[in-house]
Amino acid sequence: MIGSIPLIVVPFVLYNMGLVGLFGGEADPWAQVLFSIRMMSGGTWSMTLGDLMVLIGLFFLFIEIMKSTRTSNASVIDHLLSTFVFVAFLVEFLLVPGAAHSVFFTLMMIALVDVLAGFSVSIRSAGRDVNFR
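Residues numbered from 1 in each chain as written. Predicted model: local features only at pLDDT ≥ 70, side-chain atom pairs only at ≥ 80, totals over all residues. Heavy atoms only, no water.

Here we come to the side chain of Ser-82. Secondary-structure assignment places Ser-82 in helix α3 (residues 73-95). Not counting the four nearest positions on each side in its chain, Ser-82 is found in contact with Pro-6, Glu-64, Asp-114 and Val-115. (Helix = DSSP H or I, 4+ residues; strand = E, 2+ residues; numbered from the N terminus. Contact = heavy atoms within 4.5 Å.)

Here it is as structure tokens:
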């Protein structure tokens, strides 16, 4: 049952932790620069907390897509829970002022891709499991 918990909920929880001020009391904690690297070209590349959140979301999206290739009864529960996570993202985006941010919107789109890819991959892989005699 623990394997059915959608991992996309991790960026959702982390974002909400940032909203309550756990990542700094700044007006926009997602613009906080974590580190900068001077490039050979002379430019400077900076990683912000918002960039890190998107990378975490993409990492968990990859794992969720790998999980969606399983064909079992638990995959139905996994897809249902992923849908609930997307709905939670959508409701928070529409109703919470702090969620009206491009980082949160990107995380919400990652959750939508998780739902759509999960159903699509499951349907395709289930179709290959059917044997006609």
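What follows concerns the pattern of salt bridges. Counted by the stated rule, this structure contains two salt bridges. Lys-67 is the salt-bridge partner of Glu-64, the closest N and O atoms lying 3.1 Å from each other. Here Lys-67 and Glu-64 lie together in helix α2 (residues 49-67), a separation of three residues that amounts to about one turn. Lys-67 is paired through a salt bridge with Asp-78; the nearest N and O atoms lie 3.9 Å apart. Taken together, the residues Lys-67 in helix α2 and Asp-78 in helix α3 connect sequence positions 11 residues apart. Across the pair, Asp-78 and Lys-67 agree in class, each one buried. Sharing partners across several salt bridges, the network here consists of Glu-64, Lys-67 and Asp-78. (Salt bridge = Lys/Arg side-chain N within 4 Å of Asp/Glu carboxyl O. Buried < 20%, exposed > 50% of the residue type's maximum accessible area, 1.4 Å probe, protein only.)

In this structure Lys-67 comes out as buried when scored by relative accessible area, which is 14%. Of the polar contacts made by the side chain of Lys-67, one reaches the side chain of Glu-64; its length is 3.1 Å. (Polar contact = N/O pair within 3.5 Å; in protein donor to acceptor, adjacent residues only side chain to side chain.)

What follows is about the pairing of strand β2 (residues 44-48). Pairing between strand β1 (residues 33-38) and β2: five bridges, direction antiparallel. Looking across to β2, one finds that Arg-38 is bridged to Thr-44. The turn linking β1 back onto β2 is made up of five residues, and Gly-42 within it adopts a positive phi angle of 100°. (Pairing = 2+ DSSP bridges.)

Before going further, it helps to examine the packing of helix α1 (residues 9-19) against α2. Across the interface, α1 lies against α2 with an axial gap of 8 Å and an inter-helix angle of 160°. Regarding the angle of α1 to α2, the classification is roughly antiparallel. Across the interface between the two elements, Val-10, Pro-11, Leu-14 and Tyr-15 from α1 touch Met-53, Ile-56, Gly-57 and Phe-60 from α2. A class-by-class count of the residues in the contact of α1 with α2 yields seven nonpolar, one polar and no charged. (Axes fitted to C-alpha atoms, helices over the stretch in contact; angles between N-to-C directions. Parallel < 35°, antiparallel > 145°, perpendicular 65-115°, else oblique. Nonpolar A, V, L, I, M, F, W, Y, C, P; charged D, E, K, R; others polar.)

What follows concerns α1. Taken residue by residue, α1 has Pro-11, Phe-12, Tyr-15 and Gly-18 as its buried positions. Along α1, the residues classed as buried sweep out an arc of 120° about the axis, all on the same side. A positive phi of about 100° marks Gly-21, the residue just after α1. (Arc of directions from axis to C-beta.)

What follows concerns the nonpolar core. Counting 19 residues, the largest nonpolar core has Ile-8, Tyr-15, Phe-89 and Leu-107 as the members making the most contacts within it. Counting residues per element, the ones that place at least two in this core are α1, α2, α3 and α4 (102-129). With seven residues, the single largest contributor to this core is α4. Contact partners of Ile-8, with chain neighbours within four places excluded, come to Gly-57, Phe-60, Leu-61, Glu-64, Val-85, Phe-89, Ile-110, Ala-111 and Asp-114. (Core = buried A, V, L, I, M, F, W, Y, C linked by side-chain atoms within 4.5 Å.)

Scored by pLDDT, the protein comes out at a mean of 86, with 86% of its residues at no less than 70. Mean pLDDT values for the elements of the protein range from 84 in α4 up to 94 in β2. (pLDDT = per-residue confidence, 0-100.)

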